[in-house]
Amino acid sequence: MEPAWRQQGRGRGRSQEGPAERSRPLQKEKERPGGSVAGGGGGGGVWVAGRGGRMKAAAAPGPEPPHGVSVQTKFEEIRKSNQAAAQRLVESRISSSSSDEDDDDDDDGNVDHKDGKRGKILASTFTTYTDQTGGDATGLVRTGQYVSDLFQSGALTCLICIASVKRTQPVWSCSSCFSLFHMPCIQKWARDSVFLVSSVTDEDFGQKQHPWPCPKCRAEYPPSATPNRYTCYCGKLQDPPADPWLVPHSCGSICQKELKPTCGHTCLLLCHPGPCPPCPKMVSVSCMCRKAKPLPRRCSNKAWTCQQQCGRLLPCKQHTCSQPCHTECSPCPRVSVQRCVCGREKTERPCASPQWNCEQVCGSALSCGNHTCEVVCHDGVCPPCPRSVSRSCPCGKTKSSLPCTEEVLLCGDTCDRRLSCGKHTCSMRCHRGSCETCRQEVEKECRCGKYRKLMPCHKEYLCDTKCPKTRSCQKHQCRRKCCPGNCPPCDQSCGRTLGCRNHKCPSVCHQGSCYPCPESMEIRCTCGSTSLSVPCGRERSTKPPRCKEPCRCPPSCHHPTREPHRCHPGPCPPCRQTCLLPLPRCSHTCPQSCHDLVLVKSQQVQLAGPWEQPSEPAFVKKALPCPPCQVPIPTACFGEHEVSPVPCHRRGRFSCKRPCGRPLTCGNHNCSRECHLVTDGNKCEVCDEGCSKPRPPGCPHSCPRPCHPGNCPSCSQMIRQRCHCKISMLYVECTKLTSADKQTKKELGSCNNQCPKELNCGHRCKQVCHPGVCEEKCQQKVKLRCPCKRIKKEFPCSLSDQCVQCDEACKDQQKKVSQLKEEEQRAAQEEEKKKLQEELEAFEKRQQRGGRRSKKRGRREEVDDERGRAGRWWKRCAAFVLVPLGGALLSAAAYYLLTTA
């Protein structure tokens, strides 16, 4: 018999019955008051629980809206539901509580970084505990496993919806098994469980308070314990924020829960999932037998033994306890001879059970002296004789007090004792023994109450009608003959597929959600060294655990071993080792990376027509041949102009594209063809140019012969050239000119006339026609004078830069000239002063006369003033300009006279 809260409810797994059987429970549920189904809301329709939540399966019939409005409304509803689903998917992807965000292509540096961060969080959580234990963490194994599961991908799963528990999702933790469930999932589970129990067991629905069980451990909780708010593990903080440096769903403060078994201390860890570890405090306690002195012990392991013999008296009161120090003595293990309760027999029995019965009737004389005790082996006084008390006749109507030796007589009246049918009485006279069976004919109603029939009272009437009611599972009919209405629980197996999609429900057929699959699946890495236990159903979506062992997969290429790398899921990465296979037609090895298995795009199948859609390009693993050998081989070209590195697969002489450069038969030119190989049928070109040998220096003529070996003949042509002075034209034989030395060439180029060139001094060159610049040593006589031009001397033109010095006579003459100049300047200054004095006197006279003057007079005076000013200006010019000029002219005239004298 299943418990009441399992007998009703809605199934989450796939049902095995047909559509006709599923429709009957739904119809009955609709007939209930309020029109609601178990766990669903009222009014609007039937809600069916699915894997992802609740889905509205059937809506209540109503007036049908217009076609256009209904289509638009449905479109808006579908659009909003799709947007909400996409938003939930994004949030679930972003806010993963475990390592779901770990990528397969994470390198070892990222993995080590995440492992270091996880280690820091675990260390900070356990620091307060390890400080008390001196670093001993043996008591944290179980709690540490719960904390580690929070960081392990796929290890933390809600058993109700079989989905991962995210870091930011509200959760509830069972206080018995410490399993985590989504808050909406556990709230719906509790409501459905209470509703199902109430609908089955309560006559007045909803009047009693029924507990609800944990989905995993079946621990029962009262309805008041239904979670209605999201708290941390220790219950101090409501809606704890997601902190990347704390355990998920933790508040980060000290737990402070009372430890179990109760010792008076509280948990020292930070807010954590799972059970609290054993108490780490140190207390002073005595041994179990209380004989030794108290010693400091860990509170969680304070019971200790002094290994001394107990010595306490056992319950047998004969022996003492010989076991070492302990709490309570066990029953005495020895054997001793003991008497039974009545004391008649003796036998060897364990001291732990001293009382026993010998199975013999007592047989002692009773107090009446006429009868013996019929009680089996007993202790104490025998009971009184049962026939010595007041007795009655068999029917109980007549009572009498007779000695124990006499029998009570029958009264002779009707028996009237109630028969076994419970309705009629015995019609016989008072008799001894039991009454006979009731044989009275009565009209009996069958057990289901549908039919009636005359039959003996002692027989039960059962009709052949089978009960059409549905059993407690709300799936199968009762089908029991003449059922009174209390249909027994369904005895068939549930058989629905559980949420894991791997197993079927093993329970008896029931209503409501099946319990989560109790099995757990072990996910192993590729090499099998590391394993991870996850709830059944999560093995398909959980990544294999990380393994630090080296990969053991055999190589798939020609190399004997793979490159060392960690164990990983999926195929091994491509081999990056050097190929090193010997190349054909040479002695080198392949230097490329291994190409035994390379992903290449497969060839597309030609489409039959435009109606066929092109498929995505498929990639296949294929072994590629080794590329041509690229090792450089030093090789000379055909003409041996250069030695260049040539790839090994193209080794051999080559053309460098330069001119051939081999000497032709003429001995003067080289082959101008592109670098080529000389063979009998591929010779260098024939020279068809004229002679291009260098001519003797100075010969401007070319050789009249074609290109020839040896020296060219002497040039017999005449050269026309001007003489050195560029006046006469000369004709000289080219051979004489080119073979002459410098002196001879100078003579051949001279016209033997006087050089017409003018020297720098202004005289003509006196030499015969000559090349180059004329000599500046002019020997023509020139006259030189002293600075005062009085003394005159003759010198050669080349010495004309010499100067003639003045003598004493020249100096006396210069002094006389300077004195004359000074006298003239003084006379001019005195004249100027006189004129100024006259003008001043005239001005003062005009001022003294005063009065009004006539216009004519004023104009005449103004004209006179202007004339006077002009005259004064000319006088000044004469004084400052003409006087020095006149002095200079006088001095020049005096110098000329002196030089000509």
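On a predicted model such as this, the values are computed, not experimentally measured, just so you know.

K.L.:
Explain the overall build of the protein chain to me, using residue names and the numbers behind them.
P.N.:
Scanning the protein chain from terminus to terminus reveals ten helices and 26 strands. Counting over 901 residues, the protein chain shows a buried share of 31%. Taking all contacts inside the protein chain whose residues are at least 6 apart in sequence as the whole, residues at least 24 apart take part in 32%.

K.L.:
Residues and numbers for the pattern of salt bridges, please.
P.N.:
For the structure shown, the criterion picks out eleven salt bridges. Across the pair Arg524 and Glu522 runs a salt bridge whose closest N-O atoms are separated by 3.3 Å. Taking the shortest distance from any N to any O, the salt bridge between Lys657 and Glu674 comes out at 3.5 Å. Here the residue Lys657 occupies a position in the loop between β22 (643–647) and β23 (718–722), and Glu674 occupies one in the loop between β22 and β23, the gap between them amounting to 17 residues. Assessed through its relative accessible area of 61%, Lys657 is described here as exposed. Connected through salt bridges with shared partners, the residues Lys397, Asp413 and Asp416 form a single ionic network.

K.L.:
Explain the nonpolar core to me, and be specific about the residues and the numbers.
P.N.:
It is characteristic of soluble globular proteins that their nonpolar side chains tend to be buried jointly. Cys158, Ile160, Trp172, Phe181, Ile186, Trp212 and Tyr221 are the most contacted members of the largest nonpolar core, which has 39 residues in total. Mapped onto this core, the elements with two or more residues apiece are α4 (108–133), β5 (171–173), β6 (180–182) and α6 (183–201). Of all the elements, α6 adds the most residues to this core, at five residues. Those residues in contact with Ile186 that lie beyond four places of it in its chain are Ile160, Trp172, Phe181, Trp212, Pro215 and Pro227.

K.L.:
Report on the packing of aromatic side chains, specifying residues and quantitative values.
P.N.:
One pass over the full model with this rule turns up five aromatic pairs. Both rings, one in Trp172 and one in Tyr221, keep their centres 5.5 Å apart while their planes meet at 75°; by these two values the pair is edge-to-face. With Trp172 in strand β5 and Tyr221 in strand β8 (residues 220–221), the pair connects residues that are 49 residues apart, well separated along the chain. Accessibility expressed as a relative area gives 12% for Trp172, which makes it buried.

K.L.:
Account for helix α9 (residues 808–849), with residues named and values stated.
P.N.:
When the terminal C-alpha atoms of α9 are compared, their 63 Å separation across 42 residues agrees well with the 62 Å that a helix rising 1.5 Å per residue should span. Of the positions making up α9, those classed as buried are Cys810, Gln813, Ala828, Glu832 and Lys835.

K.L.:
An account of a positive patch on the surface is needed here, citing residue identities and associated values.
P.N.:
Judged by side-chain charge, Arg720, Arg722, Lys726 and Lys757 come together as a positively charged surface patch. Mapped onto the secondary structure, Arg722 falls in strand β23.

K.L.:
Explain the pairing of strand β18 (residues 531–535) residue by residue, including any values.
P.N.:
The pairing of strand β17 (residues 520–524) with β18 spans five bridges and is classified as antiparallel. Its bridge partner lying in β18, Ser520 is registered against Pro535. Counting the residues in the hairpin turn of β17 and β18 gives six residues, including Gly528, whose phi is positive at 85°.

K.L.:
Any details on the confidence of the model for the protein chain? Residues and values, ideally.
P.N.:
In low-pLDDT regions, the fine details of the predicted coordinates are not to be read closely. This prediction gives the protein chain a mean pLDDT of 77; 81% of its residues lie at or above 70. Of the regions scoring below 50 in pLDDT, residues 1–68 engages in 130 contacts with residues more than four places distant in sequence or in other chains. Of the regions scoring below 50 in pLDDT, residues 93–114 engages in 36 contacts with residues more than four places distant in sequence or in other chains.

K.L.:
So what about a negative patch on the surface? Which residues, and what values?
P.N.:
Together, Glu831, Glu838, Glu841 and Glu844 give the surface a local cluster of negative charge. Tracing the backbone shows Glu831 in helix α9. The exposure class assigned to Glu831 is partly exposed, which follows from its relative accessible area of 42%.

K.L.:
Now, about a nonpolar patch on the surface: what can you tell me, with residues and values included?
P.N.:
Together, Met718, Met729 and Tyr731 give the surface a local cluster of nonpolar side chains, amounting to about 320 Å² of exposed area. Take Met729: it is sitting in strand β24 (residues 729–733).

K.L.:
I'd love a proper account of the environment of Asp379, names of residues and values included.
P.N.:
On the secondary structure map, Asp379 appears in the loop between β12 (346–350) and β13 (391–392). A residue is classified by how much of its surface remains accessible, and Asp379, at 56% relative accessible area, is exposed. Put simply, Asp379 and Gly343 are 36 residues apart on the chain and 8.4 Å apart in space, counted from C-alpha to C-alpha.

K.L.:
Outline the side chain of His378, supporting the account with residue identities and numerical values.
P.N.:
Locating His378 in the fold gives a position in the loop between β12 and β13. With near-sequence residues (within four places) excluded, His378 lies in contact with Val341, Cys342, Cys362 and Cys373.

Calculation notes
Residues numbered from 1 in each chain as written. Predicted model: local features only at pLDDT ≥ 70, side-chain atom pairs only at ≥ 80, totals over all residues. Heavy atoms only, no water. Helix = DSSP H or I, 4+ residues; strand = E, 2+ residues; numbered from the N terminus. Buried < 20%, exposed > 50% of the residue type's maximum accessible area, 1.4 Å probe, protein only. Contact = heavy atoms within 4.5 Å. Salt bridge = Lys/Arg side-chain N within 4 Å of Asp/Glu carboxyl O. Core = buried A, V, L, I, M, F, W, Y, C linked by side-chain atoms within 4.5 Å. Phe/Tyr/Trp six-rings, centres within 6.5 Å; stacked < 30°, edge-to-face > 60°. Expected span 1.5 Å × (residues − 1). Patch = residues over 30% accessible without salt bridge, like charges linked within 9 Å, V, L, I, M, F, W, Y side chains within 5 Å. Areas by Shrake-Rupley, 256 points an atom, 1.4 Å probe, with all protein chains shown as cover. Lys, Arg positive; Asp, Glu negative; His and termini not counted. Charge placed at Lys NZ, Arg CZ, Asp CG, Glu CD. Pairing = 2+ DSSP bridges. pLDDT = per-residue confidence, 0-100.

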